[in-house]
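Next come the chains, spelled out residue by residue.
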Amino acid sequence: MQKGFAMVEYDPDKPFIRHFPIRFTHTDPAGFVFFPRSFEMFPAVAEDWFSGPLGVRFADMVMLSRVGQPTAYIECQFIKPCILGERLGLTIYLERFGTSSLDVRFIGSIDGELRLAARSVQVLLSMKTGRPVPFDDKLRERLQAYQDKFPVPDEPTPKRRK
């Protein structure tokens, strides 16, 4: 295990994963995760991914550099409910990146059982101007290294039911 900024632990030989204990505050009265809570977990994973394997202290990026990383697009397929007391692992994969945007995939599982699959487009954005900000060379190198080392699995991908 390695530690990045903000004490983010990760295994450099595996795709970045963050585990979330499913707490009462995540669930509806039936004990299932209330689906909007998943959309709160995805940015938490991305933030820790930046602060861990990508080596960019996310808090400094936002507070000092005034650069944010908002979600421009997201889709999610919920395969099986997550239940109070379980521990959800969310793994992040980098599908592609451009000048200032990231296309990422989140795979959620509990004890190896697939629970959700999501795709997201996130954009580096100046909080001063509201305009996209290009990745610097160092971050581009780290993004490329992560993408090369951990290819996106063919499945699962979010799919619309017909």
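Residues numbered from 1 in each chain as written. Predicted model: local features only at pLDDT ≥ 70, side-chain atom pairs only at ≥ 80, totals over all residues. Heavy atoms only, no water.

**Focus: the side chain of Gln 122**
Phase 1 of the analysis: Here Gln 122 lies in strand β8 (residues 113-123).
Phase 2 of the analysis: Engagement of the side chain of Gln 122 in a polar contact is seen with the side chain of Gln 69, the distance being 2.2 Å.
Phase 3 of the analysis: In this view, Gln 122 contacts Ala 46, Gln 69, Pro 70, Thr 71, Ala 72, Ser 100, Ser 101, Leu 102, Val 104 and Phe 106; residues no more than four positions away in its chain are not counted. (Helix = DSSP H or I, 4+ residues; strand = E, 2+ residues; numbered from the N terminus. Polar contact = N/O pair within 3.5 Å; in protein donor to acceptor, adjacent residues only side chain to side chain. Contact = heavy atoms within 4.5 Å.)

**A closer look at the pattern of salt bridges**
Phase 1 of the analysis: A full pass over the atoms with the stated rule returns 10 salt bridges.
Phase 2 of the analysis: With a shortest N-O distance of 2.6 Å, Arg 105 and Glu 95 are connected by a salt bridge. Highlighted residues: Arg 105 in strand β7 (residues 101-110) and Glu 95 in strand β6 (residues 87-97), separated in sequence by 10 residues. Residue Arg 105 shares its accessibility class with Glu 95, and that shared class is buried. (Salt bridge = Lys/Arg side-chain N within 4 Å of Asp/Glu carboxyl O. Buried < 20%, exposed > 50% of the residue type's maximum accessible area, 1.4 Å probe, protein only.)

**Structural notes on the pairing of β8**
Phase 1 of the analysis: For strand β5 (residues 71-78) and β8, the ladder comprises seven bridges, and the chain directions are antiparallel. Paired with Phe 78 across the bridge in β8 is Leu 116.
Phase 2 of the analysis: In this structure, β7 lies alongside β8, joined through 10 bridges in antiparallel fashion. Note on β8: the bridge partner recorded for Asp 103 is Val 121.
Phase 3 of the analysis: The hairpin formed by β7 and β8 contains two residues between the paired strands, and Asp 111 there has a positive phi angle of roughly 50 degrees. (Pairing = 2+ DSSP bridges.)

**What to know about the packing of aromatic side chains**
The relation between two aromatic rings is expressed through the spacing of the ring centres and the mutual angle of the planes.
Phase 1 of the analysis: Throughout the structure, instances matching the rule amount to 10 aromatic pairs.
Phase 2 of the analysis: Between Phe 35 and Phe 78, the aromatic rings sit 6.3 Å apart at their centres with planes inclined by 70 degrees, giving edge-to-face as the arrangement. Taken together, the residues span a long stretch of sequence, with Phe 35 in the loop between β3 (17-21) and α1 (36-51) and Phe 78 in strand β5 at a distance of 43 residues.
Phase 3 of the analysis: Judged by centre distance (6.3 Å) and plane angle (75 degrees), the ring pair of Phe 39 and Phe 78 falls under edge-to-face. Of this pair, Phe 39 sits in helix α1 while Phe 78 is found in strand β5, placing the two residues 39 residues apart along the sequence.
Phase 4 of the analysis: Looking at Phe 39, the relative accessible area reads 30%, which means it is partly exposed.
Phase 5 of the analysis: Here the aromatic cluster, defined as three or more aromatic residues joined through ring pairs, consists of Phe 34, Phe 35, Phe 39, Phe 42, Phe 78 and Phe 106. (Phe/Tyr/Trp six-rings, centres within 6.5 Å; stacked < 30°, edge-to-face > 60°.)

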